Amino acid sequence: MDRLDERRAMVENQLVARGIKDGEVLEVMLKIPRENFVPPELQPMAYRDRPLAIGEGQTISQPYIVAYMAEALHLSGQERVLEIGTGCGYNTAVLAKLAGEVYTVEIRASLSNLARDNLASLGIDNVHFKVGDGYLGWPEMAPFDRIVLTAAPSKIPKALFEQVTPEGCLLAPVGDWSQTLQIHRRQGSEWFARDLLQVQFVPLVRDPEEV
Ligand code: SAH
């Protein structure tokens, strides 16, 4: 069953009502079936205004935050994007529809495989998956026009800054208990940082057993 009506309500009440304006972001949020990305028992709650548990102590982000981050990245359809924290792949799917190629790194193999299946079932084929530690980025595939983290480090790893193109940017939640979503724009050798909003993501870990 396609749940287009629920998605329409989500887009109006959770996204447009809170100021998301980018027409392409709204269109993509209207198209991606979020219920496909959550465990069967949570499917009735798929369009709630909140993150949901997807297993292994991990979450699928709140729709508003996914849309907010996509809008903040200003994607034109051509960019190479690195995402750290694939999870179930919902945010990955949204980025894949708005950018050129998405490279996504997940530390837990089971989640990376789940995301691979979820995206394949939607026919999304411009995503490259890697199981590994996102602290290191994906140096073999760098540089990236955009880097986005969906798990929070206490401090943004240096390796990630090094993998951004000269006119690119990096978007990340930063902090331990209290986190701020930060955007760091690069202009050649200079960086300009801005705090966007308070958020709550799972921590970016070095070893999945730590959680
Ligand atoms: N992007 C997801 C949300 C993912 S939750 C969405 O669309 O809803 C954050 C993910 O980051 C989890 O799956 C977690 O396993 C992963 N993660 C945590 N630390 C990591 C690390 N060091 N490298 C890569 N992935 C990491």
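The structure this text deals with has already been given above.
Residues numbered from 1 in each chain as written. Predicted model: local features only at pLDDT ≥ 70, side-chain atom pairs only at ≥ 80, totals over all residues. Heavy atoms only, no water.

A word on the site of the ligand. S61, E106, R108, G134 and V205 are the nearest of the 25 residues found near the ligand. Contacts to the ligand include E106, whose side-chain N or O atom sits 2.6 Å from an oxygen atom. For the ligand, whose free accessible area comes to 580 Å², the fraction covered by protein is 100%. Contributing elements (two or more residues each) for the shell around the ligand: β2 (58-60), α4 (90-98) and β4 (101-106). Each residue belonging to the shell around the ligand can be placed in one class, and the counts come to 11 nonpolar, 10 polar and 4 charged. (Near = heavy atom within 4 Å. Polar contact = N/O pair within 3.5 Å; in protein donor to acceptor, adjacent residues only side chain to side chain. Areas by Shrake-Rupley, 256 points an atom, 1.4 Å probe, with all protein chains shown as cover. Helix = DSSP H or I, 4+ residues; strand = E, 2+ residues; numbered from the N terminus. Nonpolar A, V, L, I, M, F, W, Y, C, P; charged D, E, K, R; others polar.)

Counting along an α-helix, one turn takes 3.6 residues, and residues three or four places apart therefore face a common direction. Buried residues dominate α4, accounting for 8 of its 9 residues. For α4, the complete set of buried residues consists of Y90, N91, T92, A93, V94, L95, A96 and L98. (Buried < 20%, exposed > 50% of the residue type's maximum accessible area, 1.4 Å probe, protein only.)

The subject of this paragraph is the pattern of salt bridges. The tally for this structure, following the rule as stated, stands at 10 salt bridges. Measuring nitrogen to oxygen at the nearest pair gives 3.8 Å for the salt bridge that ties R7 to E35. Residue R7 is located in helix α1 (residues 4-15), and its partner E35 is located in the loop between α2 (23-31) and β1 (52-55); the two are separated by 28 residues in the primary sequence. One exposure class covers both R7 and E35, and it is buried. For R108, the salt bridge identified is with E56, shortest N-O distance 3.4 Å. Taken together, the residues R108 in the loop between β4 and α5 (109-121) and E56 in the loop between β1 and β2 connect sequence positions 52 residues apart. Judged by its relative accessible area of 8%, R108 falls in the buried class. Using a relative accessible area of 45% as the deciding quantity, one classes E56 as partly exposed. (Salt bridge = Lys/Arg side-chain N within 4 Å of Asp/Glu carboxyl O.)

What follows is about the nonpolar core. With 53 residues, the main nonpolar core has L15, M29, Y90 and V94 as its most contacted residues. Not counting residues within four places of it along the chain, the set of residues in contact with V94 comprises V28, M29, I32, V66 and A70. (Core = buried A, V, L, I, M, F, W, Y, C linked by side-chain atoms within 4.5 Å. Contact = heavy atoms within 4.5 Å.)

Sizing a probe to match a water molecule and rolling it over the atoms shows the empty space that remains. Roughly 760 Å³ of volume is contained in the largest pocket. Residue lining of the largest pocket: 43 residues in total, with T150, A151, F201, V202 and P203 positioned closest to the centre. Of all the secondary structure elements, the ones that give two or more residues to the lining of the largest pocket are β2, α3 (63-72), β3 (80-84), α4 and β4. The element contributing the most residues to the lining of the largest pocket is β2, with 3 residues. Of the residues belonging to the lining of the largest pocket, the class tally is 22 nonpolar, 16 polar and 5 charged. (1 Å grid on protein atoms, 1.4 Å probe; cavity = no way out; pocket = protein on both sides within 12 Å on 5 of 7 lines; lining within 4 Å. Points joined across faces, edges and corners; volume = space filled by probe spheres on them.)

Turning to the sheet that holds strand β5 (residues 127-131), a few remarks are in order. Strand pairing in a sheet relies on backbone hydrogen bonds, with the paired strands running either antiparallel or parallel. Read across the open sheet, the 7 strands follow the order β5-β4-β3-β6-β7-β8-β9; overall the sheet is mixed. The open sheet is flanked by β5 and β9 (190-199), the only strands paired with a single partner. Strand-to-strand, the axes of this sheet are offset by a mean angle of 15°, without reference to chain direction. Of the pairings in the sheet, the one linking strand β6 (residues 144-149) to strand β7 (residues 164-174) comprises 4 bridges and is parallel in character. Looking at β7, one finds that V148 is bridged to L171. Here α5 sits on the sheet and contacts β4 and β5; the angle it forms with β5, its principal contact strand, is near 165°. (Pairing = 2+ DSSP bridges. Axes fitted to C-alpha atoms, helices over the stretch in contact; angles between N-to-C directions.)

Attention now moves to the packing of α2 against α4. Remark: α2 packs on α4, axes separated minimally by 10 Å, with the N-to-C direction vectors making an angle of 130°. Regarding the angle of α2 to α4, the classification is oblique. Relative to α4, α2 is oriented so that their crossing is right-handed. Between α2 and α4, the contacting residues are E24, V25, V28 and M29 on the first element and Y90, V94, K97 and L98 on the second. Its residues assigned to classes, the contact of α2 with α4 shows 6 nonpolar, no polar and 2 charged. (Parallel < 35°, antiparallel > 145°, perpendicular 65-115°, else oblique. Left-handed = near helix turned anticlockwise from the far one by under 90°.)

This is a description of form; function is not addressed.
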